[in-house]
Amino acid sequence: MKSDVPAESFEWLLCPVCGSKTRIKMRSDTQLINFPLFCPKCRKEMLIHVEKFHVSVIKEPDAQTQSR
């Protein structure tokens, strides 16, 4: 079975912290919104937004302690 998408349009998603390859392979037309990315090398998990291979890390606010 032959695919219509050329092989050059696939890329490995790189970790925004350490720059190593993750276990995710993407096509050029893939969009990820609020995607939980885990890096096996630096052992960190983060929420990302990806559009046209441009990765943006979504910063979550830290939990606030309740004062009485």
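Scroll up to find the structure this text is about.
Residues numbered from 1 in each chain as written. Predicted model: local features only at pLDDT ≥ 70, side-chain atom pairs only at ≥ 80, totals over all residues. Heavy atoms only, no water.

### Observations concerning the side chain of S20
Here S20 lies in the loop between β1 (10-14) and β2 (21-27). Residues in contact with S20, not counting those within four places in the same chain, are L13, L14, C15, C39 and K41. (Helix = DSSP H or I, 4+ residues; strand = E, 2+ residues; numbered from the N terminus. Contact = heavy atoms within 4.5 Å.)

### Some remarks on unusual backbone geometry
For N34, which is not glycine, the phi dihedral falls at a positive 55°. One can find N34 in strand β3 (residues 31-38). At R43, a residue that is not glycine, the phi angle is positive and equals roughly 60°. Following the sequence through the fold, R43 ends up in the loop between β3 and β4 (45-51). Residue class for R43 comes out exposed when judged on its relative accessible area of 62%. (Buried < 20%, exposed > 50% of the residue type's maximum accessible area, 1.4 Å probe, protein only.)

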